[in-house]
Amino acid sequence: MSLREKKKKRTWPKVIFILLALVIIASGGYLFTVYKSFTNTMETMHQPIDREKSEKRAEQITLKEKEPFSVLLLGVDEREGDKGRSDTMIVLTVNPNDNNINMLSIPRDTRTEIIGRDFEDKINHAYAFGNEEMAIATVENFLDIPIDYFVRVNMEGFKDIVDAVGGVDVNSSIAFTLDGYQFKQGINSLDGDEALSFVRMRKEDPNGDFGRQERQRQIIQAVIKKGISFNSLTNFDNIFDALGKNVRTNLTFNEMKDIQQNYKQASSHVEQISIAGSGQTIDGIWYLIVDEQERTRIQDTLQGHLSLK
């Protein structure tokens, strides 16, 4: 073997090593950019509420210790000059020991006591009367569980989040038309505007608000699935921008990291819980009335899932 050939053999490993080093450095720089952008977005999204913990907890939960926790998801129709009502109210209870999430959609017309107002009204009016704090207190009273965190989503901007993750696929149980969009029975691929119409339809659904709740669940799960996929990293700027503009939460950045580390497996197992009730008109206004037996059933289920019983 000539001296030149020996030098070539020694040079190739160096070249490969240098190329690998450059790839790692470039990837590290890219991941740092993603991380920095995410922390900035979390600072924008973070909105503390005026309490340290729920009154229904003796001690504040510790996510590092993998304790079950709950989240109230509020989908709010915000208009210019009007903070709007919570058109969507979904309670998530997360149990890392069972590795699953219980997802309860509360019908917006549910009649219950509005905590802080001392009268009964539709549960979705609580947000209009007293923002997140009154909505949380009212849901806690209705379900008899602590609400540890809230996430508020501006439904007008929700379409931007769907578009940012590249659209979503859903399975519709019925065919219907709304806002000029046609949805077929079966699999539909939706962009942001279509997704917003898909979750808002109620009148044509034979299941009424319960069918609407199922569509909401599908959209939320689809967005989460697309959002945490590796492919979404290539579009992180648009995703974080949409989140920063349209989402507010009392979760801190460190708490989000703890959830990602300790509760990740639970996110792939979501169980839908439905509330049964009967319609009743009171003083000319239609309400959904949930009887005490049904309310107790729901309370027992969620309390058990939060390891409170």
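Scroll up for the structure.
Residues numbered from 1 in each chain as written. Predicted model: local features only at pLDDT ≥ 70, side-chain atom pairs only at ≥ 80, totals over all residues. Heavy atoms only, no water.

Student: Could you give an account of the overall build of the protein, with specific residues and numbers?
Tutor: Helix and strand counts for the protein come out as eight helices and 14 strands. Split into buried and exposed, the 309 residues of the protein put 46% on the buried side. Restricting to contacts in the protein with at least 6 residues of sequence separation, those with at least 24 account for 65%. (Helix = DSSP H or I, 4+ residues; strand = E, 2+ residues; numbered from the N terminus. Buried < 20%, exposed > 50% of the residue type's maximum accessible area, 1.4 Å probe, protein only. Contact = heavy atoms within 4.5 Å.)

Student: With reference to specific residues and values, describe empty space enclosed by the protein.
Tutor: Evaluation of the coordinates by the stated rule reveals one cavity of 30 Å³ or more. Of the voids in this model, the largest cavity is the one considered here, and its volume is about 50 Å³. Lining the largest cavity we find Asp87, Thr88, Met89, Ile90, Ser105, Ile106, Pro107, Arg108, Asp209, Arg212, Gln213 and Gln216. Counting residues per element, the ones that place at least two in the lining of the largest cavity are β2 (86–95) and α5 (208–227). Looking at the lining of the largest cavity residue by residue, the class counts come to four nonpolar, four polar and four charged. (1 Å grid on protein atoms, 1.4 Å probe; cavity = no way out; pocket = protein on both sides within 12 Å on 5 of 7 lines; lining within 4 Å. Points joined across faces, edges and corners; volume = space filled by probe spheres on them. Nonpolar A, V, L, I, M, F, W, Y, C, P; charged D, E, K, R; others polar.)

Student: How would you explain the packing of aromatic side chains if you had to name every residue and give the values?
Tutor: Applying the stated criterion across every chain yields a total of six aromatic pairs. Each ring, one from Phe69 and one from Tyr263, has its centre 5.0 Å from the other, and the planes form 90°; the classification is edge-to-face. Here the residue Phe69 occupies a position in strand β1 (residues 69–76), and Tyr263 occupies one in the loop between α7 (253–262) and β12 (270–273), the gap between them amounting to 194 residues. Here a set of aromatic residues connected by ring pairs shows up, and it is made of Phe69, Tyr149 and Tyr263. One cation-aromatic arrangement involves Arg111 over Tyr287; the distance from NZ or CZ to the ring centre is 4.7 Å. A cation over an aromatic ring shows up here: Arg215 above the ring of Phe198, its NZ or CZ 5.9 Å from the ring centre. (Phe/Tyr/Trp six-rings, centres within 6.5 Å; stacked < 30°, edge-to-face > 60°. Lys NZ or Arg CZ within 6 Å of the ring centre and 35° of its normal.)

Student: Quick rundown of the packing of helix α2 (residues 125–143) against helix α8 (residues 292–305)? Include the residues and the values.
Tutor: Viewed as axis vectors pointing N to C, α2 and α8 meet at an angle of 105°, and their least axial separation amounts to 9 Å. Between α2 and α8, the angle falls in the class roughly perpendicular. Across the interface between the two elements, Asn141, Phe142 and Leu143 of α2 pack against Arg295, Ile298, Gln299, Leu302 and Gln303 of α8. The residue inventory of the contact of α2 with α8, partitioned by class, reads four nonpolar, three polar and one charged. (Axes fitted to C-alpha atoms, helices over the stretch in contact; angles between N-to-C directions. Parallel < 35°, antiparallel > 145°, perpendicular 65-115°, else oblique.)

Student: An account of the packing of helix α3 (residues 155–164) against helix α4 (residues 192–200) is needed here, citing residue identities and associated values.
Tutor: One way to put it is that α3 packs onto α4 with a least axis distance of 7 Å and a crossing angle of 130°. Comparing their axes, α4 and α3 come out oblique. Our pair here, α3 against α4, has a crossing hand that is right-handed. Contact residues: Met155, Glu156, Phe158, Lys159, Val162 and Asp163 in α3; Gly192, Asp193, Ala195, Leu196, Val199 and Arg200 in α4. Here the residues of the contact of α3 with α4 are counted per class, giving six nonpolar, one polar and five charged. (Left-handed = near helix turned anticlockwise from the far one by under 90°.)

Student: Any chance you could break down the environment of Ala276 for me, citing the residues and the numbers?
Tutor: Examined against the element boundaries, Ala276 turns out to sit in the loop between β12 and β13 (278–282). Note: C-alpha distance between Ala276 and Phe210 (66 residues apart in sequence) is 9.1 Å.

Student: Pulling in residues and values, what's your account of the sheet that holds strand β3 (residues 100–105)?
Tutor: A sheet is described by the order of its strands in space; here six strands give the open sequence β11-β6-β1-β2-β3-β12, paired in mixed fashion. One side of each edge strand has no neighbouring strand; the edge strands of this open sheet are β11 (247–249) and β12. Averaged over all neighbouring strand pairs, the angle between strand axes comes to 20°, with direction disregarded. Against the sheet, α8 contacts β2, β3 and β12, and its axis sits at roughly 150° relative to β3. (Pairing = 2+ DSSP bridges.)

Student: Tell me what's going on with the nonpolar core, and back it up with residues and numbers.
Tutor: Within the largest apolar cluster, 44 residues are counted, with the highest numbers of intra-cluster contacts made by Phe69, Phe158, Val168, Leu190, Phe198 and Ile219. Take this core: its biggest share by element is five residues, from α3. Not counting residues up to four positions away in its chain, the partners in contact with Ile219 are Phe158, Val168, Val170, Leu190, Ala195, Phe198 and Val199. In terms of nonpolar packing, the next biggest core, distinct from the first, is built from 25 residues, Leu74, Ile123, Ile298 and Leu306 among them. (Core = buried A, V, L, I, M, F, W, Y, C linked by side-chain atoms within 4.5 Å.)

Student: Lay out the pairing of β3 with the relevant residues and their values.
Tutor: The buried fraction of β3 amounts to six of the six residues, a majority that puts the element mostly inside the structure. Neither face of β3 is left uncovered, since the one carrying Asn100, Asn102 and Leu104 and the one carrying Ile101, Met103 and Ser105 both have all their residues buried. Two strands pair when backbone bridges link them, and β2 and β3 are joined in this way by six bridges, in the antiparallel orientation. Of the residues in β3, the one forming a bridge with Val91 is Leu104. In sequence, β2 turns back onto β3 through a hairpin of four residues, with Asn99 there showing a positive phi of about 55°.

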